[in-house]
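The chain contents come next:
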Amino acid sequence: MLLFCSFNVISQDIKPKGKAIPREVKKDTLPKVKKDSLKLIKKDSLLLKKRDTIKIDSIKPKEAISDLITHTAKDYTTQDAKKKTVTLYNEAHVTYTDIDLKAGIIIVDYLNNTLYAKGIKDTTGYTQRPVFKQGGQESEQDSMIYNFKTKKAIIYGIKTKQEPGIIVLGEKAKRVNDSTIYMRKIRFTTSDKKNPDYYIGVNKAKVVPNKKIVAGLSNLVIADVPTPLFLPFAYFPLGQKRTSGFIIPSWSSSNSRGLFLQNGGYYFAINDYVDLELLGDVYSNGSWAIRSNSQYYVRYKFSGNVNLSFEKIIESTRGFDDFSEASNFNFRWSHRQDAKASPNSNFSASVNIGSSQYFRQSLNEFNNSSFLSNTFNSSISYQKTFVGTPFNMSLTATHSQNTNTELVTMTLPSLQVNMNRIYPFSGKGGIKKNPFQNIGLTYNMQGEYRINTSEEEFFTSKMFETARSGMQHRADASTNVTLFDYFTLSPSVNYREVWSFQSINKTYDPTSQNTDGSFGTVVTDTIRGFRSFREYSTSLNLSTNIYGTFNFKKGRLKAIRHTIRPSISFSYRPDFASKYNQQVQQNSTDPTDLLTYSPFDQVSIYGSPSSGFSSSIGISVNNVLEAKVAPKDPDSDEEDEKITLLNNLNFSTSYNIAADSLRWSPVSMTTGTRLFKDKLAVNLNASFDPYQVNDLGVRINKFNKGILRLTSANLTANYSLSSDDFSGEKTTTSQNTNSGNGNQNTPDVLGKNIDPSNRFANTPSNTQGNNKETETELYRANVPWTLNLAYSAFYANNGINPGKVRTHSLMFGGDLELSPKWKVGFSSGYDIFNGGFSFTRLNFSRDLDSWRLNFNWVPFGTNQSYTFFIGVKSSVLSDLKYDQNRPPNRVLF
């Protein structure tokens with residue numbers, strides 16, 4: 001068609017034949033014919049065709065809205081076809097790709113590819129503010145405009161929360177893309193109140209979600225009052241991952257050490273499994289300290305922490321008579337294995353090792369339990385159960401250090417192999433029908449390498465010079481027989497074998513001179529080599545249960561049941577010491593004056609062979625009293641309540657038939673009970689001796705006139721009381737877990753430990769609350785309180801002097817919540833025997849919503865000190881704090 005039209009145009013330009021054609025006309029027509037016949041045809045047939053099939057399709061505009069927009073509204077949805085808009089009113093909700101938007105009013109403009117959202121103004125104020133979610137980010141604002149095409153947004157009155165807990169408030173923000181937001185007039189805070197307790201005010205800032213916040217000039221504002229604290233710029237790391245950074249120290253002063261900086265350093269976020277914190281203290285008098293703390297955690301496998309501390313403490317000035325210096329260290333390691341990691345094996349560690357005077361002389365440690373304790377204990381153990389066998393194994397390294405005597409005992413290591421009870425003579429399927437089939441065998445093997453040394457020789461080669469090693473094997477066989485349906489007879493045989501890798505040898509040296517000037521002494525030499533001894537014993541035990549019930553017809557008390565469990569036993573053991581004992585001369589004038597000794601004395605870990613023939617009868621009686629009480633309402637369906645009146649009342653003694661004198665052993669008595677709904681736990685232990693003593697306090701074969709003489713008694717009572725006991729509400733937990741049978745856990749009467757470092761604000765007690773306002777009644781308000789009491793008394797009578805109470809003390813501690821945000825704690829004690837107060841500490845704490853205030857005070861004693869702290873609870877802004885402390889005036893020597 002196009003080609004035909006072109007020829008039409010050409011035919012109209014040609015003039016009729018016979019007419020004169022001017023020269024210029026001829027010039028015009030010829031070139032045009034040539035041009036039209038070639039170029040136009042080429043253009044129409046090729047170029048246009050190519051443009052229709054390829055180019056037009058390639059430049060087709062792309063739609064800005066590439067997915068389905070879903071929208072809902074509570075009241076109405078209107079659509080303007082001319083303006084191409086959709087308006088949603090009241091609880092409007094729009095979803096588009098990964099965008100979720102809720103607001104009072106939402107307007108979708110399809111023509112301009114925009115989305116506008118705002119709240120609703122009513123009598124209650126401005127409600128249903130827009131909440132915008134995209135991916136993992138969420139923000140709340142007064143109003144916003146979002147462009148579907150550019151993915152940009154303009155936001156007014158924005159509020160968003162960034163991990164790890166920073167709340168960002170801004171008047172105007174421009175969202176460039178998913179990863180960048182520019183904001184003006186911003187407030188950074190961790191308080192989620194409508195009017196924050198505090199904030200850091202900034203004019204301009206750039207926010208990269210889950211990464212960082214970079215801001216310009218910053219000012220700290222507290223309670224809407226600007227402070228003189230400014231920073232030229234601010235950088236806030238975001239995200240749940242830990243980041244490395246400096247730790248700002250705290251400063252204070254001391255009369256004995258001058259000005260000082262404490263707890264400053266650097267935090268290393270090594271990876272997701274382990275971190276490292278290095279802290280240091282510097283004092284103007286030359287004292288200094290350094291500490292490292294590392295925590296590690298591998299999910300479903302293990303977790304733990306390692307602490308190493310070293311302090312150089314200087315008193316007075318060098319050159320003065322009262323000048324002194326000391327170097328103390330402490331190493332603590334705690335390791336726990338997850339039960340899911342390996343059900344048949346376990347590795348654990350609890351290490352506390354260091355200088356004996358560390359907690360007593362430290363300038364930056366406030367550990368009550370360690371300060372008042374006189375021992376350091378450590379244990380590293382590995383336990384293994386061999387599945388399918390009765391055997392299990394444990395390998396342990398222990399450490400015990402007495403801080404008073406500075407003596408150290410270590411086992412490196414201690415190996416123990418146990419065989420659970422097996423029944424080799426049982427029938428098919430483990431059936432045990434007779435005493436022979438009921439014979440059970442057990443086996444135990446212990447091996448130990450023990451070191452006894454002093455703190456001065458600790459970690460030196462000398463500590464191994466007095467080391468001892470040995471092994472012990474024990475095998476027991478026992479069974480039981482029922483006699484006359486009421487008695488149980490239990491015979492047993494015990495075998496013990498001891499291996500020692502050192503022994504002693506004593507010789508008489510007539511040339512050595514004694515301190516009194518005489519000659520001739522016994523010299524003891526330690527010989528390295530293998531020595532062993534073996535011994536056995538047998539026993540027979542007869543026991544039964546006797547029940548007595550006393551019924552009552554009146555009152556709620558229905559019955560009292562008395563359970564008596566008497567037991568009598570007989571044991572036999574030959575004399576094994578005579579077989580291994582040796583003799584040596586000990587007097588130069590009398591060669592027949594011989595000293596008998598055992599080669600295992602003082603060097604064998606598991607003792608020496610038993611000396612003397614033993615054939616004794618043991619007697620014990622156990623008593624339990626229980627009561628049955630009816631419910632208060634006789635018409636109720638509740639069952640009768642069972643109450644334990646007396647947990648135990650035990651008496652035990654023995655009579656040695658083979659002894660020529662002093663055949664009766666002291667009578668031991670233990671008893672315990674719980675009273676006042678298990679709030680009061682009372683335990684009493686006592687020992688009675690039937691024999692008299694001479695002027696030197698040695699027992700003689702003569703009975704007391706009063707048959708039994710009380711030699712010692714120990715009484716303990718623990719009582720926990722709280723306001724919940726008077727509220728009529730049942731509490732789910734009890735602070736007093738004492739069993740009343742001697743296995744007791746002392747209530748918290750010492751108070752909690754204090755962490756003076758800047759981790760103080762991040763302890764669970766400080767972070768468990770939220771930052772929201774707490775409402776309470778001004779009148780008739782509840783005042784929760786707790787009170788823990790611990791009473792202890794010890795009586796001793798040596799038979800020479802009149803018996804008296806040696807120790808008599810009362811410990812008490814508790815806390816009082818004056819208001820939901822004010823709490824007072826106390827812990828102290830009174831020594832009734834010596835007449836004086838023991839370690840006392842007072843604690844005052846105030847919950848300031850986003851902030852926390854703590855004041856701890858030890859008013860008197862050798863540990864007299866105080867610590868004051870006020871700071872932000874959140875860990876991300878933990879450097880916003882003020883703390884002061886006065887360390888105790890330590891006496892080094």
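Residues numbered from 1 in each chain as written. Predicted model: local features only at pLDDT ≥ 70, side-chain atom pairs only at ≥ 80, totals over all residues. Heavy atoms only, no water.

**Focus: the overall build of the protein chain**
So, point 1. Each helix and strand counted, the protein chain has six helices and 53 strands in total.
So, point 2. Taking contacts inside the protein chain between residues at least 6 apart in sequence as the whole, the part at least 24 apart equals 51%.
So, point 3. Carbon and sulfur atoms provide 56% of the accessible area of the protein chain, an area that totals close to 53500 Å². (Helix = DSSP H or I, 4+ residues; strand = E, 2+ residues; numbered from the N terminus. Contact = heavy atoms within 4.5 Å. Areas by Shrake-Rupley, 256 points an atom, 1.4 Å probe, with all protein chains shown as cover.)

**Thoughts on the environment of valine 214**
So, point 1. As for its position among the elements, valine 214 is in strand S15 (residues 212–215).
So, point 2. The spacing of valine 214 and alanine 234 is 20 residues in sequence and 6.0 Å in space, taken between C-alpha atoms.

**Thoughts on the confidence of the model for the protein chain**
So, point 1. Per-residue confidence for the protein chain gives a mean pLDDT of 82; residues scoring 70 or more make up 85%.
So, point 2. Across the protein chain, element-level confidence peaks in strand S31 (residues 468–478) with a mean pLDDT of 94 and bottoms out in helix H1 (residues 2–13) with 34.
So, point 3. This model gives residues 731–746 a pLDDT under 50, and the stretch forms 41 contacts once residues within four places in sequence are excluded.
So, point 4. Within the model, the stretch residues 758–771 combines pLDDT values under 50 with 39 contacts to residues more than four positions away or in other chains. (pLDDT = per-residue confidence, 0-100.)

**Focus on the packing of aromatic side chains**
So, point 1. If you walk through the whole model with that rule in mind, you get 27 aromatic pairs.
So, point 2. Both rings, one in tyrosine 146 and one in phenylalanine 148, keep their centres 5.7 Å apart while their planes meet at 90 degrees; by these two values the pair is edge-to-face.
So, point 3. A relative accessible area of 1% means that phenylalanine 148 is categorised as buried.
So, point 4. Plain terms: the ring middles of tyrosine 655 and tryptophan 664 are 4.9 Å apart, the flat faces sit at 55 degrees to each other, and that makes the pair tilted.
So, point 5. For tryptophan 664, a relative accessible area of 32% gives the class partly exposed.
So, point 6. Aromatic ring contacts, followed pair by pair, group Tyr96, Phe132, Tyr146 and Phe148 into a single cluster. (Phe/Tyr/Trp six-rings, centres within 6.5 Å; stacked < 30°, edge-to-face > 60°. Buried < 20%, exposed > 50% of the residue type's maximum accessible area, 1.4 Å probe, protein only.)

**Notes on empty space enclosed by the protein**
So, point 1. Tallying each qualifying case throughout the model produces three cavities of 30 Å³ or more.
So, point 2. Put simply, the largest cavity is a space of about 140 Å³.
So, point 3. Taken together, 13 residues line the largest cavity, and the ones lying closest to its centre are Phe132, Gln137, Ser139, Arg175 and Ile181.
So, point 4. Of all elements in the fold, only strand S8 (131–134), strand S9 (137–140) and strand S11 (153–162) reach the threshold of two or more residues within the lining of the largest cavity.
So, point 5. Here the lining of the largest cavity takes four residues from S11, the largest share from any one element.
So, point 6. Classifying every residue of the lining of the largest cavity by side-chain character gives five nonpolar, five polar and three charged. (1 Å grid on protein atoms, 1.4 Å probe; cavity = no way out; pocket = protein on both sides within 12 Å on 5 of 7 lines; lining within 4 Å. Points joined across faces, edges and corners; volume = space filled by probe spheres on them. Nonpolar A, V, L, I, M, F, W, Y, C, P; charged D, E, K, R; others polar.)

**Points about a nonpolar patch on the surface**
So, point 1. Taken together, the side chains of Tyr495, Tyr536, Leu540, Phe570, Tyr572, Phe613 and Ile657 present a nonpolar region at the surface, about 620 Å² in accessible area.
So, point 2. With respect to the helices and strands, phenylalanine 570 occurs in strand S36 (residues 557–573). (Patch = residues over 30% accessible without salt bridge, like charges linked within 9 Å, V, L, I, M, F, W, Y side chains within 5 Å. Salt bridge = Lys/Arg side-chain N within 4 Å of Asp/Glu carboxyl O.)

**Here's the deal with unusual backbone geometry**
So, point 1. In this structure, proline 413 follows leucine 412 across a cis peptide bond, with omega equal to -10 degrees.
So, point 2. The phi angle at lysine 185 is positive, at roughly 50 degrees, despite the residue not being glycine.
So, point 3. Note on placement: lysine 185 falls in strand S13 (residues 180–189).

**Here's the deal with the nonpolar core**
So, point 1. Residues Ile106, Leu115, Met144, Tyr146, Met183, Phe188 and Phe236 are the most contacted members of the largest nonpolar core, which totals 41 residues.
So, point 2. Judged by nonpolar contacts, the second largest core, of eight residues, contains Met410, Ile451, Phe458 and Met463. (Core = buried A, V, L, I, M, F, W, Y, C linked by side-chain atoms within 4.5 Å.)

**With respect to the pattern of salt bridges**
A side chain of one charge can pair with a side chain of the opposite charge when the charged atoms of the two come close.
So, point 1. Going through the model one piece at a time under the given rule, you end up with 19 salt bridges.
So, point 2. Two residues, glutamate 448 and arginine 450, come together in a salt bridge whose shortest N-O distance is 2.6 Å.
So, point 3. Judged by its relative accessible area of 21%, arginine 450 falls in the partly exposed class.
So, point 4. Across the pair aspartate 883 and lysine 881 runs a salt bridge, and its minimum N-O distance is 3.7 Å. As far as burial versus exposure is concerned, aspartate 883 and lysine 881 are alike and both buried.
So, point 5. One salt-bridge network, in which partners are shared between bridges, spans Lys193, Asp197, Lys821 and Asp849.

**Comments concerning the pairing of strand S17 (residues 225–231)**
So, point 1. Here strand S16 (residues 218–222) pairs with S17 via four bridges, running antiparallel. Considered in S17, the bridge of serine 218 is made with leucine 231.
So, point 2. Two successive antiparallel strands, S16 and S17, enclose a turn made up of two residues, where alanine 223 displays a positive phi of approximately 55 degrees. (Pairing = 2+ DSSP bridges.)

**Quick word on the environment of leucine 540**
So, point 1. Along the polypeptide, leucine 540 turns up in strand S34 (residues 519–543).
So, point 2. Judged by relative accessible area, which is 36%, leucine 540 ranks as partly exposed.

**Re the side chain of serine 567**
So, point 1. Mapping serine 567 onto the fold places it in strand S36.
So, point 2. A residue is classified by how much of its surface remains accessible, and serine 567, at 18% relative accessible area, is buried.
So, point 3. In this structure the side chain of serine 567 is engaged in a polar contact, spanning 2.8 Å, whose partner is the side chain of asparagine 541.
So, point 4. The residues touching serine 567, leaving out its near neighbours within four places in the chain, are Asn541, Leu542, Ser543, Gly618, Ile619 and Ser620. (Polar contact = N/O pair within 3.5 Å; in protein donor to acceptor, adjacent residues only side chain to side chain.)

**Some points on the environment of alanine 659**
So, point 1. Here alanine 659 lies in the loop between strand S40 (641–656) and strand S41 (667–675).
So, point 2. In sequence terms alanine 659 and serine 616 are 43 residues apart; their C-alpha atoms lie 8.8 Å from each other.

**Describing the pairing of strand S12 (residues 166–177)**
So, point 1. Examined bridge by bridge, S11 and S12 share nine bridges and lie antiparallel to one another. Residue pairing in the sheet places tyrosine 156 in a bridge with lysine 172 of S12.
So, point 2. The hairpin formed by S11 and S12 contains three residues between the paired strands, and glycine 165 there has a positive phi angle of roughly 105 degrees.
So, point 3. Inspection of the sheet shows S12 paired to S13 by nine bridges, in the antiparallel sense. Note on S13: the bridge partner recorded for leucine 169 is arginine 187.

**Digging into a negative patch on the surface**
So, point 1. A cluster of acidic side chains, namely Glu406, Glu456, Glu457 and Glu465, defines a negative patch on the protein surface.
So, point 2. Tracing the backbone shows glutamate 406 in the loop between strand S28 (391–402) and strand S29 (407–422). (Lys, Arg positive; Asp, Glu negative; His and termini not counted. Charge placed at Lys NZ, Arg CZ, Asp CG, Glu CD.)

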